[in-house]
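Given next are the chains, with one letter for each unit.
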Amino acid sequence: MREIDLHIHTTASDGTCTPREAVRRASELGLRAIAVTDHDTIAGHAEAISAGMDYGVEVVRGIEVSTRYGVSVHILGYYLEHLVPLLAGIVNDRDVRNEKIAALMAGDGLPVSYAEMKRRFGEAIGRPHFGRILTELGLAESVSDAFDRFLSRDKRYFVPRRTVDIDSSVEAIVQSGGVPVLAHPFQYKKNDAELRELIEHCVVHGLRGIECRYSGYDLGQVKYLEGLAEEYGLLKTGGSDFHGGNKPHIRLGTGIAGELDVPYAWLERLREEAEKLHNT
Ligand code: AMP
Ligand code: FE
Ligand code: FE
Ligand code: ZN
């Protein structure tokens, strides 16, 4: 039986399960705890925590911030108490970018209203939502196909978004009461030396952990990341990056082929770290 999943997206950002639905599913799987880590927003926390009490699942208040470090690097934050203005402002930058994407689509004659999308999808709209619209309009077969055809970098409806640099992001997570953790380290296509450089850079600004177990990571990769975490005195975390129907191959708690298994003990270390942070 799996114990926890510390990387979950809900309808507060680009997942397709509401926070309550995500908690309900976690409880059906017998998970003891989950973290809601929506992109750039904590809007799902209240509903998830309330559902957590109903279903007896411990809910951790998290976030995932896309930061700038040459490539885009994702930093998770856990046990956030609030969002400092720098982080709260990211949703507005998304909004500006999204308006431009919607205008490009409307310019091509597509019936897309950004105001309507906001009513339907909430505040943290992302490219996956545009992918859904393109799928519904019959222009793509799935969200991921919509990325390949229209939304990935250099495609017709790609518009860059202003991002916060990694130093300020890590620091802002700490200032928000959160424990910063480097998300899915193999996603950045870095070799050992480059990954170490990234970790050492982040540690200076307050990084406390590495996401060592993640959907699709094999045993060798996991051992390597756990070794790095131990070497640098960092906490280990793990999670699926569940997005519901927007990434249908990823399963809550267990990953893609059952490879994911995250121990509850790791959450206890994380909670202790947050308590230390909150008491200073
Ligand atoms: P945004 O932050 O709005 O630019 O959108 C980026 C988000 O799109 C990422 O966080 C992923 O969850 C999602 N995403 C990126 N590539 C794909 C893909 N090929 N299929 C589905 N979702 C994707
Ligand atoms: Fe996402
Ligand atoms: Fe991510
Ligand atoms: Zn994620």
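Not measured: the values here are computed from a predicted model.

**Re the layout of surface pockets**
A volume near 1,400 Å³ is recorded for the largest pocket. What lines the largest pocket is a set of 44 residues, and nearest its centre among them are S72, H74, R127, F147 and K247. Elements supplying a minimum of two residues to the lining of the largest pocket: β3 (58-69), β4 (71-78), α4 (90-107), α6 (127-136) and α7 (143-151). With 4 residues, the top contributor of residues to the lining of the largest pocket is β3. Class assignment of the residues belonging to the lining of the largest pocket gives a composition of 14 nonpolar, 19 polar and 11 charged.

**Some details on the coordination of the iron ion (ligand 2)**
Distances from the iron ion (ligand 2) to its protein donors, D14 (OD), H39 (NE2) and H243 (NE2), fall within 2.0 to 2.2 Å. Counting gaps between the donor residues of the iron ion (ligand 2) yields the pattern D-x24-H-x203-H. The distance between the iron ion (ligand 2) and the zinc ion (ligand 4) is 5.0 Å. Separated by 25 residues along the polypeptide, D14 in the loop between β1 (4-8) and α1 (19-28) and H39 in the loop between β2 (33-36) and α2 (45-55) bring together distant segments of the chain.

**Observations regarding α1**
All of the buried residues in α1 are P19, A22, V23 and A26. Seen along its axis, α1 keeps its buried residues to an arc of 95°; they face one direction. Of the surrounding secondary structure, the elements contacted by the buried residues of α1 are β1, β2, α2 and β3. Just past α1, the residue G30 takes up positive phi, approximately 80°.

**Regarding the coordination of the zinc ion (ligand 4)**
Think of it this way: four donors in a tetrahedron around the metal ideally sit 109.5 degrees apart, and six in an octahedron ideally sit 90 or 180 degrees apart. The protein atoms donating to the zinc ion (ligand 4) are H7 (NE2), H9 (NE2), E64 (OE) and D241 (OD), with metal-donor distances spanning 2.0 to 2.1 Å. Angles of 82 to 177° at the metal separate the 4 donor atoms of the zinc ion (ligand 4), which places the site in the irregular class. Sequence spacing of the donors to the zinc ion (ligand 4): H-x1-H-x54-E-x176-D.

**A few points about the environment of E200**
In this structure, E200 sits in helix α9 (residues 192-204). In sequence terms E200 and R156 are 44 residues apart; their C-alpha atoms lie 37 Å from each other.

**Here's the deal with the site of ligand 1**
Near ligand 1 you find 14 residues, and of these D14, H39, R94, R97 and R127 are the closest. Here an oxygen atom of ligand 1 and a side-chain polar atom of D14 are 3.0 Å apart. At a separation of 2.9 Å, an oxygen atom of ligand 1 approaches a polar side-chain atom of H39. Taken by itself ligand 1 offers 510 Å² of open surface, and the protein chains cover 80% of this. Its atoms largely coinciding with the cavity grid, ligand 1 occupies the largest pocket.

**A closer look at the domain arrangement of the protein**
According to the domain assignment, the protein contains domain 1 (4-85 + 168-278) and domain 2 (88-151). Placing a centre on the C-alpha atoms of domain 1 and another on those of domain 2 gives a separation of 25 Å. Of the residues lining the interface, 14 residues belong to domain 1; the matching set on domain 2 comes to 12 residues. A combined buried area of about 960 Å² lies between domain 1 and domain 2, and 49% of that area is made up of carbon and sulfur atoms. Contact with domain 2 buries area across many residues of domain 1, yet D14, D40 and N246 alone supply 44% of it, more than any other trio. The interface formed by domain 1 and domain 2 includes 1 salt bridge. For the interface between domain 1 and domain 2, the tally reads 6 residue pairs in polar contact (both at pLDDT 80 or more). Its residues assigned to classes, the side of domain 1 that touches domain 2 shows 6 nonpolar, 6 polar and 2 charged.

Procedures and definitions
- Counting starts from 1 at the beginning of each chain's written sequence and moves along it residue by residue.
- Chain letters and ligand numbers both follow the written order, the letters beginning at A and the numbers at 1.
- Only residues with pLDDT of 70 or above have their local features reported here, since the model is predicted, and side-chain atom pairs are shown and tallied only from 80 upward, although totals for entire chains, interfaces and linings are computed over all residues.
- With hydrogens and water set aside, each side-chain value is computed from the structure's full complement of heavy atoms.
- Both site types are read off a 1 Å grid over the protein atoms alone. A 1.4 Å probe that fits but cannot get out defines a cavity, while an open set with protein on both sides within 12 Å along at least five of seven lines defines a pocket; lining residues have an atom within 4 Å of a point.
- Grid points are joined across faces, edges and corners, and a volume is the space filled by probe spheres set on the points.
- Numbering of helices and strands runs from the N terminus, with a helix taken as a DSSP run of H or I at least four residues long and a strand as a DSSP run of E at least two residues long.
- When residue character is reported, Ala, Val, Leu, Ile, Met, Phe, Trp, Tyr, Cys and Pro are called nonpolar, Asp, Glu, Lys and Arg charged, and the others, Gly included, polar.
- Here a donor is any nitrogen, oxygen or sulfur atom (N, O, S) within 2.8 Å of the metal, with 3.2 Å used for Na, K and Ca; water is not among the atoms considered, so some sites may look incomplete.
- The rule is simple: take the accessible area with a 1.4 Å probe, protein chains only, and divide by the maximum for that residue type; under 20% is buried, over 50% is exposed, in between is partly exposed.
- Note that the arc is defined by the directions from the helix axis to the C-beta atoms.
- The contact criterion used is simple: two residues touch if any of their non-hydrogen atoms lie within 4.5 Å.
- Donor angles set the geometry label: tetrahedral for four donors if every angle is between 85 and 135 degrees, square planar for four and octahedral for six if opposite donors exceed 155 degrees and the others are between 65 and 115, irregular for anything else.
- If even one non-hydrogen atom of a residue comes within 4 Å of a molecule or strand, that residue is called near it.
- Any N or O atom pair separated by 3.5 Å or less is treated as a polar contact, with the protein-specific requirement of one donor-capable and one acceptor-capable atom, and with residues adjacent in sequence counted only for side-chain atom pairs.
- Here the accessible surface of atoms and residues is derived via Shrake-Rupley with a 1.4 Å probe, and residues count as covered only by protein chains that are part of the display.
- Any molecule with more than half of its atoms within 2 Å of a cavity's or pocket's grid points is regarded as sitting in that cavity or pocket.
- Either an automatic procedure or a domain database provided the assignment from which the domain bounds are taken.
- Buried area adds together the accessible area that both of two parts lose upon being put together, with accessible area traced by a 1.4 Å probe.
- For this document, the term salt bridge refers to a Lys or Arg side-chain nitrogen within 4 Å of an Asp or Glu carboxyl oxygen.

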